[in-house]
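Summary of structural features
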Amino acid sequence: MTLKAVFFLFLSLPLAIGQSAYAETRIRCASTTSTQNSGLFDYILPVFEKKTGIKVDVVAVGTGAALGIGKRGDADLVFVHAKEDELKLVKDGYFVNRHDVMYNDFILVGPKDDPAGIKGTKDSIQALRKIYGSGSLFISRGDDSGTHKKEIELWKTTGLSPQGLKWHLSAGSGMEKTLRIANEKMGYCLTDRGTWLATKDRNRFDLLLVLENDPPLFNQYGVMAVSPERHKHIKYREAMAFINWLISSEGQHAIASFKDSHGNQLFFPNAK
């Protein structure tokens, strides 16, 4: 081996060792079910992992449960959709470096015969009042997810309380399973548009989209790292690498490029 070859081999060793160590890193992301059910993570994670060598293990649960996992230090970061709760937890010191990442919206789906007469209604509050007045079946997430939090917010605005009424059923499950229950029982259901578009064909849902495009149904997603001050063991550097990639032009492009089989864009990047 020539002296020149030995010199370049020596220079390349630290880089190779560094890349190898980085490639073995795994981080844990607690996230809402919609990012998983829609197929978003299956689409974007291989891009990030190929670029950095960091593997991301996703725990897909309701937003409330994901925030709880992060608060306990059982994840390195969270990717959820309950902005007010997220900002409060940052203020309380549980999380750091929160960023808006993307948005879509919530929609209301229901039976084809539309027993509450919602089709054509543009106001989600009016739609819920019609469901309440007609006693039509409504399937709630009931799991402290971001969608469930939105349900509670909307019902509160109506001034009506459906809790305990026989037509208001709590699924206590993720979005796709809740939609399956609504389809089986022919009830109304609030869902994020991304999960609906990504799963309606493979589940052969008989439900119809009965209300959309109401401003209160805006659905913001955010990402934030678990506080390294509270939990010394978390992989903060790697978590921030993922966060910074999500809000970078490359990550935002990857999110915008994710579409369903019909070419519908499921999430819209809006990182600042």
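A few points on the structure. Everything numeric here is computed off the predicted structure, so don't read it as measured data.

**Examining the overall build of the protein chain**
Within the protein chain, the regular secondary structure consists of eleven helices and ten strands. Across its three principal axes, the protein chain shows a C-alpha extent of roughly 85 × 40 × 30 Å. When burial is assessed residue by residue, the protein chain has 50% of its 272 residues classed as buried. A fraction of 76% describes how many contacts in the protein chain between residues 6 or more apart in sequence connect residues 24 or more apart. Surface summary for the protein chain: the accessible area is close to 13000 Å², and the carbon and sulfur share equals 54%. Taking the 35 positively charged and 30 negatively charged side chains of the protein chain as two groups, their mean positions are separated by 2 Å.

**Overview of the packing of helix 3 (residues 40-52) against helix 10 (residues 236-246)**
Two numbers describe how helix 3 lies on helix 10: the axes approach to 11 Å, and their chain directions differ by 115°. Regarding helix 3 and helix 10, the two cross each other, and that crossing is right-handed. Contacts between helix 3 and helix 10 involve Phe41, Ile44, Leu45, Val47, Phe48 and Lys51 on the former and, on the latter, Ala241, Phe242, Trp245 and Leu246. Each residue belonging to the contact of helix 3 with helix 10 can be placed in one class, and the counts come to nine nonpolar, no polar and one charged.

**Notes on the packing of aromatic side chains**
Taken as a whole, this structure holds 13 aromatic pairs when the rule is applied. Ring pairs connect the aromatic residues Tyr132, Phe138, Trp155 and Trp167, which therefore count as one cluster. Over the ring of Tyr94 we find Lys71, and its NZ or CZ is 4.8 Å from the ring centre.

**Digging into the side chain of Glu49**
Counting through the fold element by element, Glu49 comes out in helix 3. In this structure the side chain of Glu49 is engaged in a polar contact, spanning 3.1 Å, whose partner is the backbone nitrogen of Val56. Sequence-distant contacts of Glu49, defined by excluding residues within four places in its chain, comprise Ile54, Lys55 and Val56.

**A few points about the environment of Phe267**
Its location among the elements puts Phe267 in the loop between helix 11 (249-257) and strand 10 (268-269). Along the backbone, Phe267 and Ile118 are 149 residues apart, and their C-alpha atoms lie at a distance of 26 Å.

**Remarks on the side chain of Asp143**
For Asp143, the location among the structural elements is in the loop between strand 5 (138-140) and helix 7 (146-158). Here the side chain of Asp143 touches Arg141 through a polar contact of 2.8 Å, side chain to side chain. Here the side chain of Asp143 touches Ser145 through a polar contact of 2.6 Å, side chain to side chain. Apart from residues no more than four positions distant in its own chain, Asp143 is found in contact with Gly62, His148, Gly172, Ser173 and Gly174.

**Digging into the nonpolar core**
Among the nonpolar cores identified, the biggest contains 39 residues, and Leu77, Phe79, Met102, Trp196, Phe242, Leu246 and Phe267 are the most heavily contacted of them. With six residues, helix 10 is the single largest residue contributor to this core. Excluding its chain neighbours within four sequence positions, the residues that come into contact with Phe267 are Ser34, Ser38, Leu40, Met102, Tyr103, Asn104, Tyr221, Ile255, Ala256 and Phe258. One finds Phe106, Leu154, Trp155 and Trp167 within the second-largest nonpolar core, a separate group that totals 17 residues.

**Notes on the pattern of salt bridges**
According to the stated counting rule, one finds 19 salt bridges in the structure shown. The partner of Arg26 in a salt bridge is Asp57, with the nearest N and O atoms 2.9 Å apart. Remark: Asp57 occurs in strand 2 (residues 55-60) and Arg26 occurs in strand 1 (residues 26-31); sequence separation between them is 31 residues. Asp100 is the salt-bridge partner of Arg98, the closest N and O atoms lying 2.8 Å from each other. The class of Asp100 is buried, set by a relative accessible area of 10%. One continuous salt-bridge network, built from bridges that share partners, spans Lys83, Glu86, Arg98 and Asp100.

The rules we used
- Residues numbered from 1 in each chain as written.
- Predicted model: local features only at pLDDT ≥ 70, side-chain atom pairs only at ≥ 80, totals over all residues.
- Heavy atoms only, no water.
- Helix = DSSP H or I, 4+ residues; strand = E, 2+ residues; numbered from the N terminus.
- Buried < 20%, exposed > 50% of the residue type's maximum accessible area, 1.4 Å probe, protein only.
- Contact = heavy atoms within 4.5 Å.
- Areas by Shrake-Rupley, 256 points an atom, 1.4 Å probe, with all protein chains shown as cover.
- Lys, Arg positive; Asp, Glu negative; His and termini not counted.
- Charge placed at Lys NZ, Arg CZ, Asp CG, Glu CD.
- Axes fitted to C-alpha atoms, helices over the stretch in contact; angles between N-to-C directions.
- Left-handed = near helix turned anticlockwise from the far one by under 90°.
- Nonpolar A, V, L, I, M, F, W, Y, C, P; charged D, E, K, R; others polar.
- Phe/Tyr/Trp six-rings, centres within 6.5 Å; stacked < 30°, edge-to-face > 60°.
- Lys NZ or Arg CZ within 6 Å of the ring centre and 35° of its normal.
- Polar contact = N/O pair within 3.5 Å; in protein donor to acceptor, adjacent residues only side chain to side chain.
- Core = buried A, V, L, I, M, F, W, Y, C linked by side-chain atoms within 4.5 Å.
- Salt bridge = Lys/Arg side-chain N within 4 Å of Asp/Glu carboxyl O.

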